[in-house]
Amino acid sequence: MSPLKYMNSHLGIPTLPASEIPHRKHIQRAVLISLCSLLGAMPAWSAEETSASQTTESSSTQISTTESSEPSAAIPSRTEAEIAAAKLALEKQRADYKSARIALRRGQLTTYREYRDRLNTYPLVVYLDYYELQRNLERRPSEEVKHFLDSNQNSYLSDRLRTNWLEVLAKQSRWTEFQEFYDPRIATTELQCQALQSRLTKGDDSALQEVEPLWNVAESQPKECDHLFDLWMQAGGLTQEIAWSRFQKALDAGKTSLAQYISRKFTPPYNSAAALAIELRHAPHIIRHHRRFQVKNPAMRDVIVYGLSRYARQNPVRAVKEWQHYDRRQDFTSEQRLKVQEKLAIELVRDDQHEAADKLMANVPQITDTYVAERLIRESLKRMDWAQVYRYLDQLPVEEQKTERWQYWRARALEHMDIKAEGNNDPQQIYSQLANERSFYGFLAADQLERPYKLSDIPVSPSPTVIAAVANNPSLVRAKELYEIKDFLNSNREWYYMGQNFSTKEEHLAAAKLTDSWGWHQKTIISLATVKAWDDLKLRFPLAYNKQYFTAAKKNQVSPLLLFAISRQESAFYARARSPAGAMGLMQLMPATAKQTARKAGVRYHKNDLYQPDTNILLGSAYITELLDRFNDNRILATAAYNAGPHRVNQWLKRSDGQLPYDVWIEVIPFKETRKYVQNVLAYSVIYGYRTGTVPPMLSAKENQKML
């Protein structure tokens, strides 16, 4: 076995064919340099030799997929023994690290120190130093903390310790030291307030000028800010206008208690306006009592706008009449008028008052709230009212009109209208432009024109020097080692910290190549997305766990492309993914769904098994097959049900009553997440077809022709 294959098999780096990862050897060399250098077993090659190797590969007319292509002259015969020794040393250090953690938690400091002193070359020794400092941090001398920060600059743990240390200094009112250690780059709201307070204690009254943005927010601020805010108010910083601004933000955010607290600071005319606004919060119908709102001033106009927005939820038709009354009597700004009209329109369509909504918005030149415009377009699509679709498209913000989504629907609307086809009004020209895109709407447009899909696939090529530098980045080395010892939380934190501190696009590309070689596909996908590197399809759409997916597909008679696409959308192939709702693993199964599916499939099941790829893929594929059976092999409906639940899909089908083309039905899915989910899974299925050697149509003939 070659040295690189040996290291891969024992350190969790998958060995992939050269065709899958361009310049595979220099990535593996960079990883080996990084780990071996930390263990004192440096291989006899470096970034320069990596570059030479890449040049050799690039000039070759054929790329071998076998390990026999490794140039033996580049790695001395002792390397295999060195790697074996390094691996043994690493396993010993991991054991000592775990023992040190246990001893420190138990307060066995002598034992802890014995283990700690063996680990000076171990990547995670800094974690031991951090945990040791955290013990009784409030009694540590500043010198110890400063030594750690100086020794570990620009690291996740140094920022974390600095934050904790600043909290200690603030509690102890050690303001001089606080200012010495303060770093605005990592400041929380609490620390920002404390930093300003520390400046005030030193006589820097200019700090008061920076308080207003901290106070004027929609939520209650931490108690650590209270004293600073008191000093600011005593100095005359709080004006009636600033208080009114925060009062409105609190009301709009539903923070009634905060709004009531702020209202106590008002003087006329704001105090009476605030009282009315709070009353409207609980009883919106009082907006009909016109005499109570006849005062003409800016505050009262704000209250009327708020009251109409609240009342529209209860009775949108009556709210329109109230708006007409107040609009004749108050001098509203154009922004206030548009805000009320947009809110009324949304509530009218929710109440199925479509004609009233259309009439209300007929004279609005442009809708500034994108959500409102999109909602009105989709409501018009539900009714297949193509004239209204076209009109609302023209009322979108200009940049939104240019997006693929709304260009596609412009073309669809134009096909149904008696408008001369020319320029921006030529549906065939719009489809032709869209068909150049590798996306859901690009594929739809290509289908309209009966053209093949455009699947641009351009591999990224970070330089060997940058790959080697990123591989040796201490944050990445720690992230990899934390992952190996199953400290997944800190592994993720180290990786994210590293990415936030990259200064070039090429560093992100190098990180993507490295994490792909480790099977960290989610990290690869995130790295590429961060720098909008969309065109390396091998990295963005990996064939991860392909044996399990193809086996499960065969067992359940379901397309493996669909399984890949669902997993790519659900977890980006992160086996330990867990959603806020509790969905788990590669195919993001809810435990209750997985349990039910396992029982039907006769599979033994435990909740934590969902983090195991074999189990998750087996149950996920069985569940999507069940949904396909339920919805007559329609992947549109099955994938919508996989995301939102079959009961919701049944509700949506009942409302549409078989009257909508498939593309309209997808576009008007009520949940934005589910709409995007269905679109992505369908488009990703095409891309995975390409990745596996075929390019199937995005939709089957049956799906294409079915009215939903």
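Look a little higher up for the structure.
Residues numbered from 1 in each chain as written. Predicted model: local features only at pLDDT ≥ 70, side-chain atom pairs only at ≥ 80, totals over all residues. Heavy atoms only, no water.

### Let's talk about the state of the cysteines
Definition in use: The term disulfide is used for any two cysteine sulfur atoms that are within 2.5 Å. Where helices and strands are cited, they refer to DSSP runs of H or I of at least four residues and of E of at least two residues respectively, numbered from the N terminus. Here's how the labels work: a residue is buried when its accessible area is under 20% of the maximum for its type, exposed when over 50%, partly exposed in between, all with a 1.4 Å probe on protein chains only.
This model, assessed by the stated rule, comprises 1 disulfide. Bridging cysteine 193 to cysteine 225, the disulfide has an S-S length of 2.0 Å. Its torsion about the S-S bond being 90 degrees, the disulfide of cysteine 193 and cysteine 225 is classed as right-handed. A residue pair is termed long-range when its members are at least 10 positions apart, and cysteine 193 in helix H10 (residues 189–201) and cysteine 225 in the loop between helix H11 (212–215) and helix H12 (226–234) qualify at 32 residues. You can call cysteine 193 buried: its relative accessible area is 0%. Its relative accessible area of 0% is what places cysteine 225 among the buried residues.

### Digging into helix H21 (residues 386–395)
Note the cut-off: Contact between two residues is taken to exist if any of their heavy atoms lie within 4.5 Å; hydrogens are not considered.
Among the 10 residues of H21, 7 are classified as buried, and the element is accordingly described as predominantly covered. Within the span of H21, buried status applies to Trp386, Gln388, Val389, Tyr390, Tyr392, Leu393 and Gln395. Looking at the buried positions of H21, the neighbouring elements they touch are helix H19 (354–361), helix H20 (370–382), helix H22 (398–401), helix H23 (404–415) and helix H38 (662–667).

### Overview of the packing of helix H4 (residues 79–105) against helix H6 (residues 125–134)
We apply this condition: Axes, fitted as lines to C-alpha atoms, cover a helix only where it is in contact. Angles between the N-to-C directions of the axes lie from 0 to 180 degrees. Here the word oblique covers every angle except those under 35 degrees (roughly parallel), over 145 (roughly antiparallel) and from 65 to 115 (roughly perpendicular). Residues were grouped as follows: Ala, Val, Leu, Ile, Met, Phe, Trp, Tyr, Cys and Pro as nonpolar; Asp, Glu, Lys and Arg as charged; and all remaining residues, including Gly, as polar.
Packing of H4 against H6 leaves a shortest axis separation of 11 Å and a crossing angle of 0 degrees. Judged by the inter-axis angle, H4 sits roughly parallel to H6. Note on element contacts: H6 touches H4 through Tyr127, Leu128, Tyr131 and Glu132, opposite Tyr97, Ala100, Arg101 and Leu104. Looking at the contact of H4 with H6 residue by residue, the classes come out as 6 nonpolar, no polar and 2 charged.

### Comments concerning helix H39 (residues 672–691)
The following threshold applies: Expected span, for any helix, means 1.5 Å times one less than how many residues it has.
Its 20 residues give H39 an end-to-end C-alpha distance of 28 Å, which sits within 8% of 28 Å, the value for a rise of 1.5 Å per residue. Across the 20 residues that make up H39, a large majority, 16, are buried.

### Focus on the side chain of asparagine 216
The criterion, for reference: Any pair of N or O atoms that falls within 3.5 Å is considered a polar contact. Within protein, one atom must be able to donate a hydrogen and the other to accept it, and sequence-neighbouring residues count only if both atoms are side-chain atoms.
Mapped onto the elements, asparagine 216 comes out in the loop between H11 and H12. Reaching out from asparagine 216, the side chain makes a polar contact with the backbone nitrogen of arginine 246 at a distance of 3.3 Å. Setting aside residues no more than four positions away along its own chain, asparagine 216 makes contact with Ile242, Ser245, Arg246 and Lys249.

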